[in-house]
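Spelled out from the first residue to the last, the chains are:
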Amino acid sequence: MSKPMLLADFVRLPPIVRGDVVEGLAAAIDIVAERGAQSHRFLRFGWYAAALAAYGGQARTLVVEQEDAPVLALPFVPLGPRALRLATIPGCYWPFRSFGLALDAGEAALKTALSTLGAHVNGLRIGPVHDDDPAATALIAAARASGWAAIDRPIGQNWSLDLRPAADGQPWPRNSTLRKNRFHEKHLAEHGALDWRFLSGTDWPAAFAGLGAVEQTSWIAHATDRTDMKFTTDGHLAFWHAAVADPVLAGMFRAALLSVEGAPAAFSFDIDTGALLYAIANSYDPHFAKQSPGKLLYWRNLVAAQARGIQRVDWGAGDSGYKQVIGATADAQIRDWILLRPGLPATIGRLLGRLWRRSGQRGH
């Protein structure tokens, strides 16, 4: 009589992992986005398609499957002279440029991704991304372990606001803040009737016009080169218009808009991923600067976000003064990365890495 084998006696085979590079944007992008970190679920097919429509580029997609299910989807477009065989991840600069990685993707999937990618390009730019980006940090660590050069350049310091104390019943906003806001709202109303609106979903793309109208009056339109304008035709409006063709993305895009006597006066625009809110842009008409319309609107926006379950607001880099006043604190650094495959590309990259680090500056 044979002795029965216990489950522990069976040899567990490693998962079957396959990698491939396909032309265009792969349908697997949406599948991986749903299986990845909640913070990255806006990195959908429609997000990358909007980037290609607005900024150009011929995309290919690195897809890695684990047990016949996609666990990594990384779109890329050519970067620089074709002879260098460099690539970059497409997307919008805000809040970051990253890719999809399923939560259950293993080390073998990352190694397969790198070996497959190395057969097609000499190097890949990832970023800007936060230091705690789950997909980028995992791939960068695997790249270093596999002999790739991983060179970073600093972009800035990220700021975030923790809303969990408010959910725990601690007084928020403070009574002193509410009194100041009521004072400013009273004087702002002397300019005309105030209308506070919250926008999402089917409000797009028509509602972008109001946000753009505010930007056209703002300091950024008159004191900068306008490259940071989000919702004007000479800025990045084409990207956001294309992105809301995906109804899932349209549902994630939220804005608060204040109008005075029917004219847009201030806005804030965010990406809502569930527990985490990315603050993409906010602006106001300087004609009302003494009454702080932007701050009044953003306090209302924060209260509404907390009420629907937002636990943290990611505010990005820059303008740390007003962010600290509201209660934001510094957290992860934001960087650009270049990964260069083993061999000559990695050797050259290590020699010239200092030049890349010195070039760290805001760019799109």
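Residues numbered from 1 in each chain as written. Predicted model: local features only at pLDDT ≥ 70, side-chain atom pairs only at ≥ 80, totals over all residues. Heavy atoms only, no water.

Concerning the overall build of the protein
Turning to step 1, where the next piece is worked out: Scanning the protein from N- to C-terminus turns up 13 helices and 13 strands.
Turning to step 2, where the next piece is worked out: Whereas a compact globule of 364 residues would reach a radius of gyration of roughly 21 Å, the protein reaches 23 Å, a difference of no more than 12%.
Turning to step 3, where the next piece is worked out: Seen along its three principal axes, the alpha-carbon backbone of the protein occupies a region of about 85 × 60 × 35 Å.
Turning to step 4, where the next piece is worked out: Relative to its 364 residues, the protein shows a buried fraction of 48%.
Turning to step 5, where the next piece is worked out: For the protein, the share of sequence-separated contacts (at least 6 apart) that also reach a separation of at least 24 residues comes to 75%.
Turning to step 6, where the next piece is worked out: For the protein, the separation between the mean place of its 37 positive charges and that of its 33 negative charges on side chains is 6 Å. (Helix = DSSP H or I, 4+ residues; strand = E, 2+ residues; numbered from the N terminus. Rg over C-alpha atoms; globule rule 2.2 N^0.38 Å. Buried < 20%, exposed > 50% of the residue type's maximum accessible area, 1.4 Å probe, protein only. Contact = heavy atoms within 4.5 Å. Lys, Arg positive; Asp, Glu negative; His and termini not counted. Charge placed at Lys NZ, Arg CZ, Asp CG, Glu CD.)

Side note on the pattern of salt bridges
Turning to step 1, where the next piece is worked out: Counted according to the given criterion, the structure contains 16 salt bridges.
Turning to step 2, where the next piece is worked out: For Asp246, the salt bridge is made with Arg44, and the minimal N-O distance between the two is 2.7 Å. Taken as a pair, Asp246 in the loop between helix 9 (237-243) and helix 10 (247-252) and Arg44 in the loop between helix 1 (28-35) and helix 2 (45-55) lie far apart in primary sequence, 202 residues in all.
Turning to step 3, where the next piece is worked out: Here Asp246 falls in the buried class, since its relative accessible area comes to 11%.
Turning to step 4, where the next piece is worked out: Measuring nitrogen to oxygen at the nearest pair gives 3.1 Å for the salt bridge that ties Asp152 to Arg335. With Asp152 in strand 7 (residues 149-162) and Arg335 in strand 13 (residues 329-340), the pair connects residues that are 183 residues apart, well separated along the chain.
Turning to step 5, where the next piece is worked out: Counted as one network, the salt bridges with shared partners bring together Asp30, Glu34, Arg44 and Asp246. (Salt bridge = Lys/Arg side-chain N within 4 Å of Asp/Glu carboxyl O.)

Some remarks on the side chain of Ser259
Turning to step 1, where the next piece is worked out: Turning to its location among the elements, Ser259 is positioned in strand 9 (residues 253-260).
Turning to step 2, where the next piece is worked out: Ser259 sits in the buried class, given a relative accessible area of 9%.
Turning to step 3, where the next piece is worked out: Filtering out sequence-adjacent residues up to four positions away, Ser259 remains in contact with Ala193, Leu194, Asp195, Pro264 and Ala265.

Comments concerning the packing of helix 3 (residues 107-118) against helix 4 (residues 134-145)
For any two helices packed against each other, one specifies the inter-axial angle together with the distance between the axes.
Turning to step 1, where the next piece is worked out: It is at 9 Å that the axes of helix 3 and helix 4 come closest, and there the two elements cross at 70 degrees. As far as their axial angle goes, helix 4 and helix 3 are roughly perpendicular. Two secondary-structure elements touch here, helix 3 through Leu110, Ala113 and Leu114 and helix 4 through Ala138, Leu139, Ala142 and Ala143.
Turning to step 2, where the next piece is worked out: Broken down by class, the residue content of the contact of helix 3 with helix 4 amounts to seven nonpolar, no polar and no charged. (Axes fitted to C-alpha atoms, helices over the stretch in contact; angles between N-to-C directions. Parallel < 35°, antiparallel > 145°, perpendicular 65-115°, else oblique. Nonpolar A, V, L, I, M, F, W, Y, C, P; charged D, E, K, R; others polar.)

A word on the pairing of strand 10 (residues 263-272)
Turning to step 1, where the next piece is worked out: Judged by how many residues are buried, strand 10 sits mostly within the fold: eight of 10 residues are covered.
Turning to step 2, where the next piece is worked out: Pairing analysis gives eight bridges linking strand 9 to strand 10, with the strands arranged antiparallel. By the bridge assignment for strand 10, Phe253 is matched with Ile271.
Turning to step 3, where the next piece is worked out: The turn joining strand 9 and strand 10, which pair antiparallel and follow one another in sequence, is formed by two residues; a positive phi near 55 degrees is taken by Glu261.
Turning to step 4, where the next piece is worked out: Where strand 10 lies against strand 11 (residues 276-284), seven bridges are found, and the strand directions are antiparallel. Each bridged residue has a counterpart across the sheet, and for Ile271 the counterpart in strand 11 is Tyr278. (Pairing = 2+ DSSP bridges.)

Quick word on helix 3
Turning to step 1, where the next piece is worked out: Helix length check: helix 3, at 12 residues, gives a terminal C-alpha distance of 17 Å against a target of 16 Å (1.5 Å per residue), a fit within 8%.
Turning to step 2, where the next piece is worked out: For helix 3, the full list of buried residues reads Ala109, Leu110, Thr112, Ala113, Leu114, Thr116, Leu117 and Gly118.
Turning to step 3, where the next piece is worked out: Against strand 1 (17-23), strand 2 (60-66), strand 3 (69-79), strand 5 (100-101), strand 6 (123-130) and helix 4 lie the buried residues of helix 3. (Expected span 1.5 Å × (residues − 1).)

A look at the environment of Asp203
Turning to step 1, where the next piece is worked out: Residue placement: Asp203 occurs in the loop between strand 8 (194-200) and helix 7 (208-217).
Turning to step 2, where the next piece is worked out: Classification of Asp203 as partly exposed rests on a relative accessible area of 26%.
Turning to step 3, where the next piece is worked out: Put simply, Asp203 and Phe253 are 50 residues apart on the chain and 9.8 Å apart in space, counted from C-alpha to C-alpha.
Turning to step 4, where the next piece is worked out: When sequence neighbours within four positions are dropped, the list of residues in contact with Asp203 reads Arg197 and Phe198.
Turning to step 5, where the next piece is worked out: There is a polar contact of 2.9 Å between the side chain of Asp203 and the backbone nitrogen of Ser200. (Polar contact = N/O pair within 3.5 Å; in protein donor to acceptor, adjacent residues only side chain to side chain.)

Function cannot be inferred from these measures alone, as they are strictly geometric.
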